[in-house]
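Analysis of the macromolecular model
For reference, the chains in residue letters:
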Amino acid sequence: MNKDQLYDQLKMIVSKKNVIKDKPLKEYTYTRLGGEADYFVTPESYEQVQRIVKFSREHQIPFTLLGNGSNLIIKDGGIRGIVMNLGKLKDIQIEEGRVTAQAGARIIDVSRAALDQHLTGLEFACGIPGSVGGALFMNAGAYGGEVEDVLTYATVVTQEGELKQLKASDLDLSYRTSNIPDNGYIVLDAVFDLRSGVYEEIKAVMDDLTFKRESKQPLEYPSCGSVFKRPPGYFAGKLIQDSNLQGAQIGGAQVSTKHAGFIVNIDGATADEYIALIHYVQHKVKENFGVDLEREVRIIGEDLEK
Ligand SMILES: Cc1cc2nc3c(=O)[nH]c(=O)nc-3n(C[C@H](O)[C@H](O)[C@H](O)COP(=O)(O)OP(=O)(O)OC[C@H]3O[C@@H](n4cnc5c(N)ncnc54)[C@H](O)[C@@H]3O)c2cc1C
């Protein structure tokens, strides 16, 4: 299938307004890094998602799922094939303590919707900038809470394009991981069961967490949040700080002077520079403390052709 035929087929599946060729992805990532997607597709129904998955599989077209781009570094050469984003599937329904949120909804919006209904359990998510799908994928969490604590069910599309209802326990959620990548599942929606609470108390917790976040994290610059997972027995930020790496810079990427666990894009960094700085930090921490820092952020896409 040539490029024009591929484009025509995609338009038939999701309609013309939902497929864009050579779409710059910088605006879809929190680091503001990355090249272009060959085909950027934004389905509006579960059926369209299934059809895209089946189509890409049948024609062996590379397929990448992009959530809210808050835990991804996209390389400078961009992403070949189809990049799908579920931002148009973002409905949130609440009935008697049960929240059903589509994968493209922001988890921040889900936690606010829960607050409005005086429901407690999702306060931890009030500052996590990911989508519901990305939050399940990573078992996102903060300040002592994580997705695993409140998730009951998820609807996914399998690699074969079939819809499946799963229980939370089917997803093997643990610290910042799940089996979603191994199974190639695409999360379409999630059901969270919350408890009734007192509006003012829930809001006070959320305000407190927001204050902590804003005072400790360099939210004024593009970043991917914490670059590294917490190594057993240590804190990544402390190891980086004690290695005197705060302020270290490669091109436009800098180890944050406000929070050592963050790498910020302070001046139009390239993905190459950002990734080089990650490797430098890993190397120095290993040299100083013998600890391997495992990345939390995922790196995808192609290098720029030189
Ligand atoms: C300033 C800042 C603060 C942050 N704070 C926290 C924090 O406190 N706690 C925390 O856990 N994380 C935090 N993060 C990281 C990030 O927000 C989470 O990891 C979030 O869950 C990522 O979701 P996303 O939609 O942005 O996913 P993306 O970054 O777009 O994608 C990450 C992975 O999830 C996959 N994915 C996305 N959607 C789906 C789907 N529907 N189905 C299957 N797979 C999918 C993608 O394919 C990709 O492999 C922070 C990030 C930033 C920038």
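Below, the structure is looked at part by part. (Residues numbered from 1 in each chain as written. Predicted model: local features only at pLDDT ≥ 70, side-chain atom pairs only at ≥ 80, totals over all residues. Heavy atoms only, no water.)

A count of helical and extended segments in the protein chain gives eight helices and 19 strands. Over its C-alpha atoms, taken along the principal directions, the protein chain stretches across nearly 60 × 55 × 30 Å. By residue count, 50% of the 306 residues in the protein chain fall in the buried class. For the protein chain, contacts bridging at least 24 residues in sequence account for 65% of all contacts bridging at least 6. Total accessible area computed for the protein chain in this model is approximately 14800 Å², and 46% of it derives from carbon and sulfur atoms. Put simply, the protein chain has 35 plus and 43 minus side-chain charges, and the middle of one group is 2 Å from the middle of the other. (Helix = DSSP H or I, 4+ residues; strand = E, 2+ residues; numbered from the N terminus. Buried < 20%, exposed > 50% of the residue type's maximum accessible area, 1.4 Å probe, protein only. Contact = heavy atoms within 4.5 Å. Areas by Shrake-Rupley, 256 points an atom, 1.4 Å probe, with all protein chains shown as cover. Lys, Arg positive; Asp, Glu negative; His and termini not counted. Charge placed at Lys NZ, Arg CZ, Asp CG, Glu CD.)

A few words on the site of the ligand. Every one of the 35 residues lining the ligand counts as a neighbour, but Leu65, Ser70, Asn71, Ser131 and Gly141 are closest to it. Within the contact set of the ligand, an oxygen atom lies 3.4 Å away from a backbone nitrogen or oxygen of alanine 135. One of the side-chain N or O atoms of arginine 298 is found 3.1 Å from an oxygen atom in the ligand. Here the ligand has 970 Å² of accessible area as a free molecule, and 93% of this is covered by the chains. Elements that contribute at least two residues to the shell around the ligand include exactly β3 (63–66), α4 (132–138), β9 (141–142), β13 (186–193) and β15 (223–226). The leading source of residues in the shell around the ligand is α4, at five residues. (Near = heavy atom within 4 Å. Polar contact = N/O pair within 3.5 Å; in protein donor to acceptor, adjacent residues only side chain to side chain.)

This part is about the packing of helix α1 (residues 3–14) against helix α2 (residues 46–58). Running from N to C, α1 and α2 cross one another at 155°; their axes reach a closest spacing of 9 Å. As the angle between them shows, α1 and α2 are arranged roughly antiparallel. Seen from above, α1 lies across α2 with right-handed handedness. Where α1 abuts α2, its residues Leu6, Gln9, Leu10, Met12, Ile13 and Val14 lie against Gln48, Arg51, Ile52 and Phe55. A class-by-class count of the residues in the contact of α1 with α2 yields seven nonpolar, two polar and one charged. (Axes fitted to C-alpha atoms, helices over the stretch in contact; angles between N-to-C directions. Parallel < 35°, antiparallel > 145°, perpendicular 65-115°, else oblique. Left-handed = near helix turned anticlockwise from the far one by under 90°. Nonpolar A, V, L, I, M, F, W, Y, C, P; charged D, E, K, R; others polar.)

Let's shift gears to the environment of isoleucine 263. Looking at where isoleucine 263 falls in the secondary structure, it is placed in strand β18 (residues 262–265). Distance from isoleucine 263 to serine 178, taken between C-alpha atoms, is 25 Å for residues 85 residues apart in sequence. Not counting residues up to four positions away in its chain, the partners in contact with isoleucine 263 are Pro222, Ser223, Cys224, Val227, Ala253, Gln254, Val255, Ser256, Tyr274, Leu277 and Ile278.

To continue, consider the packing of aromatic side chains. Scanning the entire structure with this criterion turns up one aromatic pair. When the ring of tyrosine 28 is compared with that of phenylalanine 40, the centres are 4.6 Å apart and the planes differ by 45°; the resulting orientation is tilted. With a gap of 12 residues between them, tyrosine 28 in the loop between β1 (19–24) and β2 (36–41) and phenylalanine 40 in strand β2 connect regions that are remote in the sequence. With a relative accessible area of 26%, tyrosine 28 lands in the partly exposed category. (Phe/Tyr/Trp six-rings, centres within 6.5 Å; stacked < 30°, edge-to-face > 60°.)

As a further point, take the side chain of serine 111. Looking at where serine 111 falls in the secondary structure, it is placed in helix α3 (residues 107–116). Within the local environment of serine 111, its side chain forms a polar contact with the backbone oxygen of isoleucine 108, the two atoms lying 3.0 Å apart.

As for its placement among the helices and strands, asparagine 85 is situated in strand β5 (residues 79–85). Within the structure, asparagine 85 has its side chain in polar contact with the backbone nitrogen of glycine 87 (distance 2.9 Å). With near-sequence residues (within four places) excluded, asparagine 85 lies in contact with Phe40, Val41, Thr42, Pro43, Leu66 and Gly67.

Before going further, it helps to examine the sheet that holds strand β7 (residues 98–102). The strand order across the open sheet formed by five strands is β6-β7-β13-β11-β12, and the pairing between neighbours is antiparallel. The open sheet has two free edges, formed respectively by β6 (92–95) and β12 (163–167), since each of these has just one partner strand. For this sheet, the mean inter-axis angle between neighbouring strands, taken without regard to orientation, is 15°. Sheet topology note: the strand β11 (residues 151–157)/β13 ladder contains six bridges and is antiparallel. Within the sheet, the bridge partner assigned to leucine 151 lies in β13 and is phenylalanine 192. Together, β7, β11, β12 and β13 form the strand contacts of α2, whose direction differs from that of β13 by roughly 140°. Sitting on the sheet, α3 is in contact with β6, β7 and β13, with an inclination near 30° to β6. (Pairing = 2+ DSSP bridges.)

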